[in-house]
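Commentary on secondary and tertiary structure
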Amino acid sequence: SPAVVLVAAEAQTAGVVQANAGTITVIATPTAGWSAVTNTLDAIAGTALETDASLRIRRENELQRPGTSPVDAIRADLLTVADVTYCRILENTTDTTDVDGIPAHNIEAIVKDGENADIGLQLWRSKAAGIGTHGNVTVTVKDSQGFDRTVKFRRPTDVSIYVQVVKTVDVAIYAGDAALKTAIAEAGNLLHNVGDDVYQSTLIAAALSVKGLLACVITVGFSAPGLLNSLVIAARELARFDTTRVTVI
């Protein structure tokens, strides 16, 4: 039987390029022995040029960098690292491990996107002397004296969200189930950040933007089919949506 190989790929065009599951099927440069290609899940879309609203938010974050609050300053510094899209700092100022599992006198930076090495170096430069770092990613960086230093931070844990949609449509103009699945998956990934709970009301708004959809009932779950109106997402988790996990009835 033919071998199946998993590889990473990225779009040649910058920006928000969508590629839903099963839509990457063309081999641009045919190669002997390579017979087919596909993507089993939706591709992760890129980002568009920065909007005025995003610029204002980034400006507010940067103004906090020289401030007197260490946590705010560290977060602002990490948000300047290339490709980082989210950062949250947890700290434990006590002498014992806290309820979040953070050791005494440690900070935990929860960071989305960006390169591990870049994040680790910036975190080392930003944190106060004598304060430890905690997380599920370990990076070794060199300080200004040439010594190796171990820095830890956390990547959020992806949580797969399943969505069930019971629809009422105008069949004459309905854009189709594929368009409905795409609208829900895209909105879910765009509107939820680390630690954000999932509410079906958020997804209904996206669904109703699909042409010809008159009404819908949406439920969500951590497994299929979804049976709840909302889901609680932990502070270190990130809700992730995919068209392959959206069921339309």
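Predicted, not measured: the structure shown is a model, and the values here were computed from it.

Re the overall build of the chain
When you go through the chain residue by residue, the secondary structure sums to 5 helices and 12 strands. Buried residues in the chain amount to 36% of all 249 residues. Sequence-distant contacts, at least 24 apart, represent 59% of the contacts inside the chain between residues at least 6 apart. Carbon and sulfur atoms make up 55% of the accessible area of the chain, which totals about 15000 Å². The distance from the centre of the 20 positive side-chain charges to the centre of the 27 negative ones in the chain is 1 Å.

Observations concerning the pattern of salt bridges
Inspection of every chain in the model, using the stated rule, returns 5 salt bridges. We note a salt bridge from Glu108 to Arg154, for which the minimum N-O separation is 3.0 Å. Highlighted residues: Glu108 in strand S2 (residues 106-112) and Arg154 in the loop between strand S5 (148-153) and strand S6 (157-160), separated in sequence by 46 residues. A single burial state applies to Glu108 and to Arg154, both of which are buried. Between Asp143 and Arg149 there is a salt bridge, with its nearest N and O atoms 2.8 Å apart. Look at Asp143 and you get buried, because its relative accessible area is 10%. In the salt-bridge network here, residues are joined through shared partners; they are Glu108, Arg154 and Arg236.

Things to note about unusual backbone geometry
Despite not being glycine, Asp83 shows a phi value in the positive range, around 75°. In this fold, Asp83 is placed in the loop between helix H2 (70-78) and strand S1 (86-92).

Some details on the sheet that holds strand S3 (residues 132-133)
Consider a sheet: its strands pair through backbone hydrogen bonds, and that pairing is either parallel or antiparallel. On the basis of which strands lie adjacent, the open sheet formed by 3 strands has the order S1-S2-S3 and mixed pairing. The open sheet is flanked by S1 and S3, the only strands paired with a single partner. One ladder, built from 7 bridges, connects S1 with S2; its direction is antiparallel. Bridging across to S2, Glu91 finds its partner in Ile107. Strands S1 and S2 of the sheet are contacted by H2, whose axis makes an angle of about 150° with S1.

Describing the sheet that holds strand S7 (residues 162-169)
Ordered by their spatial adjacency, 3 strands build an open sheet running S9-S7-S12, and the pairing between neighbours is mixed. The strands lining the two open edges of the sheet, one partner per strand, are strand S9 (213-221) and strand S12 (246-248). The sheet shows a mean angle of 20° between the axes of neighbouring strands, direction not considered. Note that S7 and S9 share 8 bridges and pair antiparallel. Counted as the bridge partner of Tyr162 is Gly221 from S9.

Overview of helix H4 (residues 177-191)
Counted at 1.5 Å a residue, the expected span for H4 with its 15 residues is 21 Å, and the 21 Å between its end C-alpha atoms agrees. Leu180, Thr182, Ala183, Ile184, Ala185, Ala187 and Gly188 are the residues of H4 that are buried. Considering only its buried residues, H4 is in contact with S7, helix H5 (200-207), S9 and S12.

Some words on the layout of surface pockets
Picture a little ball the size of a water molecule; that probe, rolled over the atoms, points out where space is still empty. Empty space within the second largest pocket amounts to approximately 150 Å³. In terms of lining residues, the second largest pocket is bounded by Pro70, Val71, Ile74, Glu91, Asn92, Thr93, His105, Asn106, Ile107, Lys127, Ala128 and Ile131. Those elements that provide at least two residues to the lining of the second largest pocket are H2, S1 and S2. For the lining of the second largest pocket, the element with the highest residue contribution is H2, accounting for 3 residues. A class-by-class count of the residues in the lining of the second largest pocket yields 6 nonpolar, 4 polar and 2 charged.

A word on the environment of Gly101
Here Gly101 lies in the loop between S1 and S2. A relative accessible area of 33% means that Gly101 is categorised as partly exposed. Residues Gly101 and Gly135 lie 34 residues apart in sequence; the distance between their C-alpha atoms is 9.8 Å.

Rules used in this analysis
Residues numbered from 1 in each chain as written. Predicted model: local features only at pLDDT ≥ 70, side-chain atom pairs only at ≥ 80, totals over all residues. Heavy atoms only, no water. Helix = DSSP H or I, 4+ residues; strand = E, 2+ residues; numbered from the N terminus. Buried < 20%, exposed > 50% of the residue type's maximum accessible area, 1.4 Å probe, protein only. Contact = heavy atoms within 4.5 Å. Areas by Shrake-Rupley, 256 points an atom, 1.4 Å probe, with all protein chains shown as cover. Lys, Arg positive; Asp, Glu negative; His and termini not counted. Charge placed at Lys NZ, Arg CZ, Asp CG, Glu CD. Salt bridge = Lys/Arg side-chain N within 4 Å of Asp/Glu carboxyl O. Pairing = 2+ DSSP bridges. Axes fitted to C-alpha atoms, helices over the stretch in contact; angles between N-to-C directions. Expected span 1.5 Å × (residues − 1). 1 Å grid on protein atoms, 1.4 Å probe; cavity = no way out; pocket = protein on both sides within 12 Å on 5 of 7 lines; lining within 4 Å. Points joined across faces, edges and corners; volume = space filled by probe spheres on them. Nonpolar A, V, L, I, M, F, W, Y, C, P; charged D, E, K, R; others polar.

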